[in-house]
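Geometric and topological summary
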Amino acid sequence: MRNKKLIILFSVLLGITLLVVFNSVLFSVQHVNAYCYNQEQSVYQEQVLKAHKIKRGKSIFLVNKKKVIDNVHSAVPQVRVVNVEKKFPNRIWINYVEETEYLQVSQGTKTYYLGKDLRVMRIADGAAGGDAIHLACESDLSALEVGSRLSFQTPNGAGEDIVRDIFNGFSLLGYDDTTVDLLYSIDVTGRSVFITLSNKTATGKTAGMVWEVLSPDNMADKLRLAVSAYMALTDEQKKRGKMYITADKATYSGVSGGVTGTDARQAFLRARQMLLDFSRDTLYNKTV
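Residues numbered from 1 in each chain as written. Predicted model: local features only at pLDDT ≥ 70, side-chain atom pairs only at ≥ 80, totals over all residues. Heavy atoms only, no water.

1. What to know about the side chain of Thr-154
Positionally, Thr-154 belongs in the loop between β7 (133-136) and α4 (161-172). The residues touching Thr-154, leaving out its near neighbours within four places in the chain, are Gly-159 and Val-188. (Helix = DSSP H or I, 4+ residues; strand = E, 2+ residues; numbered from the N terminus. Contact = heavy atoms within 4.5 Å.)

The structure is reproduced here in structure tokens:
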């Protein structure tokens, strides 16, 4: 009984101590800072600082990081918050990157430009234009506004997640910063997913080779297979034709026998060696 009373007393004292600490002036938020990782002079810094809705004087322990991120994303769709840091005792850092317009989708007289998380970054009157990837999907876009997120259904059941899976797959392959340049369009209106690569021209980019992914599952593995097979083609072949991609095979129409999974493995090894040679030559040139 004595031990039970001591435990209760200790619990009460601990609760009072924590209450005092949580409400202490020492641990109340006094400073909120914003830092952009990919721009030295970010034009959105002031907007981020106005959007977070963290009240000065609030206990730093009670700041909800997810709410801060949601508030910033809703008000400033041109940025993506990487993390929210609590610097004790009383400072908050909101670290973010400025987003690229990855996608463009049109309906009627309007074109919607989206980040790769499918948030609407801006809405323009007129036909699609610029380098953003053309997205074809079955969705009513009329309710979209800046800051909202595009959602849609697909015949294969994957929905909008398939677009995120494509971006994640290319990111894992090292194309995170160049996906916009690499792709011309993504079509998710059918059971297969059609990814059209881009050909660079003096005036911009045009549609090039088409990849048909026959099912949307394990997209990262299928893209790895497709890239490996693609690297085995000649420069001329890379500009045209079609690649059919299944779970274990990437076949280019126009190449006798296609490019099988085994061929793709060899292509991957050759491609990796090319990248190693390029990195070594680049390092050598920088040090000479």
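2. Digging into the side chain of Thr-179
Secondary-structure assignment places Thr-179 in helix α5 (residues 179-182). Since its relative accessible area comes to 2%, Thr-179 is described here as buried. Look past the residues within four positions of Thr-179 in its chain and what remains in contact with it is Tyr-102, Ile-133, Phe-167 and Phe-170. (Buried < 20%, exposed > 50% of the residue type's maximum accessible area, 1.4 Å probe, protein only.)

3. Digging into the nonpolar core
Leu-103, Leu-135, Leu-150, Ile-166, Trp-211 and Met-243 are the most contacted members of the largest nonpolar core, which has 41 residues in total. What Leu-135 contacts, discounting residues up to four positions off in sequence, is Leu-103, Gln-104, Val-105, Leu-150, Phe-152, Val-163, Ile-186 and Val-188. With 18 residues, the next largest nonpolar core counts Cys-36, Ala-51, Val-76 and Val-84 among its residues. (Core = buried A, V, L, I, M, F, W, Y, C linked by side-chain atoms within 4.5 Å.)

4. Some words on the sheet that holds strand β10 (residues 204-213)
One key point about sheets: their strands pair by backbone hydrogen bonds, in either a parallel or an antiparallel sense. Taken in spatial order, the 9 strands of this open sheet run β6-β5-β4-β7-β8-β9-β10-β11-β12, and their pairing is mixed. The sheet is open, and its two borders are formed by β6 (120-125) and β12 (250-253), each paired with just one other strand. When the angles between neighbouring strand axes are averaged without regard to direction, this sheet yields 25°. Looking at chain direction, β7 and strand β8 (residues 183-187) are connected through 3 bridges and run parallel. Looking across to β8, one finds that Ala-136 is bridged to Asp-187. Here helix α6 (residues 219-231) sits on the sheet and contacts β9 (193-201), β10, β11 (242-245) and β12; the angle it forms with β10, its principal contact strand, is near 115°. (Pairing = 2+ DSSP bridges. Axes fitted to C-alpha atoms, helices over the stretch in contact; angles between N-to-C directions.)

5. Comments concerning the packing of aromatic side chains
Both the distance between ring centres and the angle between the ring planes are used here to describe each pair of aromatic rings. Tallied over the full model, the rule gives 8 aromatic pairs. With 5.5 Å between their ring centres and 35° between their planes, Phe-61 and Phe-88 make a pair best called tilted. Note that Phe-61 is positioned in the loop between α2 (45-51) and α3 (65-75) and Phe-88 in the loop between β2 (79-87) and β3 (91-98), a separation of 27 residues in sequence. Taken together, Phe-170, Tyr-175, Trp-211 and Tyr-230 form an aromatic cluster joined through their ring pairs. One Lys or Arg, Arg-122, reaches over the ring of Tyr-113 and ends 4.0 Å from the middle of that ring. (Phe/Tyr/Trp six-rings, centres within 6.5 Å; stacked < 30°, edge-to-face > 60°. Lys NZ or Arg CZ within 6 Å of the ring centre and 35° of its normal.)

6. Remarks on the sheet that holds strand β1 (residues 31-36)
Spatial strand order, β1-β3-β2: 3 strands in an open sheet with mixed pairing. Either end of the sheet is taken by a strand with one partner, and the two such strands are β1 and β2. Averaged over all adjacent pairs, the angle separating strand axes in this sheet is 20°, with direction ignored.

7. Focus: the confidence of the model for the protein
The share of residues in the protein with pLDDT of 70 or more is 80%, and the mean pLDDT across the chain is 85. Per-element averaging of pLDDT across the protein places helix α7 (residues 261-287) at the bottom with 48 and β1 at the top with 97. Across residues 255-262 the pLDDT falls below 50, and counting only partners more than four positions away or on other chains, this stretch makes 17 contacts in the model. (pLDDT = per-residue confidence, 0-100.)

8. Concerning the pairing of β2
Here β2 pairs with β3 via 8 bridges, running antiparallel. Along β3, the bridge assignment pairs Val-84 with Ile-94.

9. Side note on a nonpolar patch on the surface
A surface patch of nonpolar side chains, about 300 Å² in accessible area, is lined by Tyr-35, Tyr-37 and Val-82. Inspection of the secondary structure puts Val-82 in strand β2. (Patch = residues over 30% accessible without salt bridge, like charges linked within 9 Å, V, L, I, M, F, W, Y side chains within 5 Å. Areas by Shrake-Rupley, 256 points an atom, 1.4 Å probe, with all protein chains shown as cover. Salt bridge = Lys/Arg side-chain N within 4 Å of Asp/Glu carboxyl O.)

10. A short note on α4
In a regular helix each residue adds 1.5 Å, so 12 residues correspond to 16 Å; α4 covers 16 Å between its end C-alpha atoms and thus fits that length. All of the buried residues in α4 are Ile-162, Val-163, Ile-166, Phe-167, Gly-169 and Phe-170. For α4, the angular spread of the buried residues around the axis is 160°, confining them to a single face. (Expected span 1.5 Å × (residues − 1). Arc of directions from axis to C-beta.)

11. Brief notes about the pattern of salt bridges
Evaluation of the coordinates by the stated rule reveals 13 salt bridges. In this structure, the salt-bridge partner of Lys-66 is Asp-70, at a minimum N-O distance of 2.9 Å. Of this pair, Lys-66 and Asp-70 both sit in helix α3, 4 residues apart, which is roughly one turn of that helix. The class of Asp-70 is partly exposed, set by a relative accessible area of 38%. Among the salt bridges present, the one from Arg-224 reaches Asp-221, with a minimum N-O distance of 2.9 Å. You can see Arg-224 and its partner Asp-221 sitting in helix α6, 3 residues apart, about one turn around the helix.

12. A look at the packing of α4 against α6
The geometry of α4 relative to α6 is characterised by a closest axis approach of 8 Å and an angle of 50° between their N-to-C directions. With respect to their mutual orientation, α4 and α6 come out oblique. In terms of crossing hand, the pair formed by α4 and α6 is right-handed. Facing α4, whose interface residues are Ile-162, Asp-165, Ile-166, Gly-169, Phe-170 and Leu-172, α6 presents Met-219, Ala-220, Leu-223 and Val-227. Here the contact of α4 with α6 is built from residues that sort into 8 nonpolar, 1 polar and 1 charged. (Parallel < 35°, antiparallel > 145°, perpendicular 65-115°, else oblique. Left-handed = near helix turned anticlockwise from the far one by under 90°. Nonpolar A, V, L, I, M, F, W, Y, C, P; charged D, E, K, R; others polar.)

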